[in-house]
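If you want the building blocks of each chain, they are given just below.
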Amino acid sequence: MQDIFKKTCESIYKEYNYNETEGNVEVVNFWFQQYETGDYHNWHHHNYCLYSNVYYLESPDGVSKTTFKMMDKEFEIDVKEGQILTFPSCYLHCSKPNQ
């Protein structure tokens, strides 16, 4: 699991020209959720961090994706099983009821 996040962080460093030796980047907290039929997660954001990640370990067709809300507009980003979605932690997001 650590290798997966390391690769994601390295791509973010490269994208934003961040030199990891000049600052301190650390994983502060992580958890997992596995959704059964009808399960969901209400609208929320993550305090005290810059970025959040969702690793789609299992994501069969028809499963609810992470939904974002910006300026009263909702949208989803198409992700596939095995991918990591990285986004600013201040973004309001939820998981709608799983089908």
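Look a little higher up for the structure.
Throughout what follows, the structure given in this document is the object of discussion. Owing to the predicted nature of the structure, the values given are computational and were not obtained by experimental measurement. (Residues numbered from 1 in each chain as written. Predicted model: local features only at pLDDT ≥ 70, side-chain atom pairs only at ≥ 80, totals over all residues. Heavy atoms only, no water.)

### Examining the overall build of the protein chain
Helix and strand counts for the protein chain stand at one helix and six strands. For the protein chain, the N- to C-terminal ordering of α and β elements is α-β-β-β-β-β-β. Pairs at least 24 apart in sequence give 72% of the contacts found in the protein chain among residues at least 6 apart. Roughly 8,100 Å² of accessible area belongs to the protein chain as shown, and the carbon and sulfur atoms make up 51% of that amount. (Helix = DSSP H or I, 4+ residues; strand = E, 2+ residues; numbered from the N terminus. Contact = heavy atoms within 4.5 Å. Areas by Shrake-Rupley, 256 points an atom, 1.4 Å probe, with all protein chains shown as cover.)

### Some details on the side chain of His 46
By secondary structure assignment, the location of His 46 is in the loop between strand E1 (41–44) and strand E2 (51–55). The class for His 46 is buried, based on a relative accessible area of 18%. A distance of 3.1 Å separates a polar atom in the side chain of His 46 from a polar atom in the side chain of His 93. Leaving out residues up to four positions away in the same chain, His 46 has contacts with Trp 31, Ser 52, Ser 89, Cys 90 and His 93. (Buried < 20%, exposed > 50% of the residue type's maximum accessible area, 1.4 Å probe, protein only. Polar contact = N/O pair within 3.5 Å; in protein donor to acceptor, adjacent residues only side chain to side chain.)

### A look at the side chain of Ser 89
With respect to the secondary-structure elements, Ser 89 resides in the loop between strand E5 (84–88) and strand E6 (92–95). Apart from residues no more than four positions distant in its own chain, Ser 89 is found in contact with His 45, His 46, Cys 49, Leu 50, Tyr 51 and Ser 52.

### A short note on the sheet that holds strand E4 (residues 73–76)
With respect to topology, four strands assemble into an open sheet ordered E1-E6-E3-E4, the strand pairing being antiparallel. Bordering the open sheet on either side are E1 and E4, each of which pairs with just one other strand. Sheet twist, expressed as the mean angle between neighbouring strand axes with direction ignored, is 20 degrees. Two strands pair when backbone bridges link them, and E1 and E6 are joined in this way by two bridges, in the antiparallel orientation. Opposite His 44, over in E6, you have His 93 as the bridge partner. (Pairing = 2+ DSSP bridges. Axes fitted to C-alpha atoms, helices over the stretch in contact; angles between N-to-C directions.)

### Topic: the packing of aromatic side chains
Under the defined criterion, the tally for this structure stands at three aromatic pairs. Taking the centre distance of 5.5 Å and the plane angle of 20 degrees together, the rings of Phe 68 and Phe 75 count as stacked. Note on Phe 68: relative accessible area 1%, which makes it buried. Of the residues examined, Phe 75 reaches a relative accessible area of 31% and is grouped as partly exposed. Site record: aromatic cluster; members linked through ring pairs are Phe 68, Phe 75, Phe 87 and Tyr 91. (Phe/Tyr/Trp six-rings, centres within 6.5 Å; stacked < 30°, edge-to-face > 60°.)

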